[in-house]
Amino acid sequence: MKLGFIGAGKVGSAMAILLKQAGYEIAGVASRSQTSARKLALRLGVSVFTPKELSYKSDVLFITTSDDAIASVAADLARQKAIRPGLIMVHMSGAHTSSLLSPCAEVGAVILSVHPIQSFASIDQAIVLIPGSYFSIEGDEGGYDFAQEIVKMLKGKHFILKANSKVLYHAAASIASNYLVGLLSVTQELLDTAGVPNDVGLQAFLPLIEGTLENVRRLGITGALTGPISRGDISTVSKHLEAMKDLPQILDVYKTLGLVTVEVALKKGTINEEQADKLRALLK
């Protein structure tokens with residue numbers, strides 16, 4: 001099967017390179033940025049085309065533009081009569097369903113959203129991180145075999161997602177990745193306020209963070225929980241709150257996440273309902 005890529009950003013470029021390495025034939029590249037298109041085409045050893053030209057040359061057409069451009073690209077291709085029945089069309093947005101490609105489905109295309117659950121800072125980093133990742137697949141059942149095949153070729157795992165679940169799924173991904181970065185920013189601010197030297201700072205906490213993630217991997221969320229809330233240590237939590245009283249934004253984060261953590265500790269069984277009520281009253 002010949003694969004075409006419209007959009008030469010981080011994810012699209014990495015996927016094109018990885019799928020070529022896996023043995024797929026790349027039909028070509030198209031992009032609004034000619035510089036990005038030529039750079040990726042050179043790396044793949046293929047030519048740059050217009051989206052319409054590339055659609056004619058492809059058995060599978062990936063639209064890996066920015067999320068905001070996916071629908072307009074699909075609509076333009078349908079309007080230009082560049083879609084033939086049976087063409088598989090894939091976008092890789094985590095936030096949107098395959099319905100962004102519906103103008104093409106109306107003229108016979110098989111439409112899918114296939115989203116790698118990863119964070120990508122660069123093309124080369126994406127090439128390293130995508131293999132072995134989980135992917136969500138949503139869209140026409142007629143395209144599932146192809147989607148599952150490419151995930152397998154990338155040594156990944158997959159699950160099927162319903163269209164009406166996509167937004168909550170993406171919110172979960174945002175919390176797991178983006179909000180983790182925000183949480184570490186809060187950690188850094190507390191360390192700065194505590195006078196921990198900048199050349200130590202967060203670096204000293206990375207082994208703790210990595211160890212916690214490993215515990216989650218091995219033991220699950222509830223099994224990995226440690227710390228004062230897990231122990232029902234009300235006096236320590238009270239001291240934390242007192243120390244942060246002049247840092248209202250950070251205090252709000254601490255309280256909100258503390259209330260969530262109380263429920264995890266209850267599930268773990270390391271505190272009882274009476275301890276939980278005392279912690280909730282303190283954190284509210």
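Going by the structure above, here's the rest.
In this numbering scheme, every chain counts its residues from 1 along its sequence in written order. This being a predicted model, a pLDDT of at least 70 is required before a residue's local features are given, and a value of 80 or more before pairs of side-chain atoms are given or counted; all residues contribute to the totals for chains, interfaces and linings. Think of the side-chain values as coming from all heavy atoms in the structure, minus any hydrogens and water.

### Here we look at the overall build of the chain
Moving on, step 1. Secondary structure is summarised from DSSP: a helix means a run of H or I of at least four residues, a strand means a run of E of at least two, and numbering begins at the N terminus for each. Looking only at helices and strands, the chain has 13 helices and seven strands in total.
Moving on, step 2. Its C-alpha atoms give the chain a radius of gyration of 24 Å, clearly above 19 Å, the size a compact globule of 284 residues would have.
Moving on, step 3. Oriented by its inertia axes, the alpha-carbon framework of the chain measures out at about 70 × 40 × 30 Å.
Moving on, step 4. The 284 residues of the chain split such that 39% are buried. For the radius of gyration, the atoms used are the C-alpha atoms, and the globule rule reads 2.2 Å times the number of residues raised to 0.38. Remark: exposure states derive from per-residue accessible area (1.4 Å probe, protein chains only) relative to the maximum for the residue type, with buried under 20%, exposed over 50%, and partly exposed in between.

### What to know about the nonpolar core
Side chains that are nonpolar tend, in soluble globular proteins, to be buried together.
Moving on, step 1. Ranked by internal contacts, the top residues of the largest apolar core, which has 36 residues, are Leu3, Leu19, Phe62, Val90, Ile130 and Phe146.
Moving on, step 2. Note on contacts: a residue pair qualifies if any of its non-hydrogen atoms lie within 4.5 Å across the two residues. If near-sequence neighbours (up to four positions away) are discounted, Phe62 is found in contact with Leu3, Gly4, Phe5, Ile6, Leu19, Val90, Met92, Phe146 and Ile150.
Moving on, step 3. Joining through side-chain atoms within 4.5 Å is the link that ties buried Ala, Val, Leu, Ile, Met, Phe, Trp, Tyr and Cys residues into a set, and such a set is a nonpolar core. Among the nonpolar cores identified, the runner-up in size contains 21 residues, and Ala27, Val73, Ala82 and Leu87 belong to it.

### Looking at the packing of helix 12 (residues 248-268) against helix 13 (residues 273-283)
When two helices pack together, their arrangement is given by the angle between the helix axes and by the axis-to-axis distance.
Moving on, step 1. Helix axes are fitted only over the stretch in contact, all axes being lines through C-alpha atoms; the angle between N-to-C directions runs from 0 to 180 degrees. The contact between helix 12 and helix 13 brings their axes to 9 Å, and the two run at 175 degrees. Overall, the two elements helix 12 and helix 13 adopt an arrangement that is roughly antiparallel. Here Tyr254, Lys255, Gly258, Leu259, Val262, Glu263 and Leu266 of helix 12 come into contact with helix 13, specifically with Glu273, Ala276, Leu279, Arg280 and Leu283. Roughly parallel means an angle under 35 degrees; roughly antiparallel means over 145; roughly perpendicular covers 65 to 115; every other angle is labelled oblique.

### Concerning the packing of aromatic side chains
Moving on, step 1. Aromatic contacts are taken between Phe, Tyr and Trp rings whose centres are within 6.5 Å, Trp giving its six-membered ring; a plane angle under 30 degrees counts as stacked, one over 60 as edge-to-face, and the others as tilted. In this structure the tally under the stated criterion is three aromatic pairs.
Moving on, step 2. Measuring from centroid to centroid gives 6.1 Å for Phe159 and Tyr169, while their planes differ by 75 degrees, and the two rings are edge-to-face. Of the two residues, Phe159 is situated in strand 7 (residues 157-160) and Tyr169 in helix 8 (residues 166-193); the sequence distance between them amounts to 10 residues.
Moving on, step 3. These aromatic residues form a ring-pair network of at least three members: Phe5, Phe62 and Phe146.

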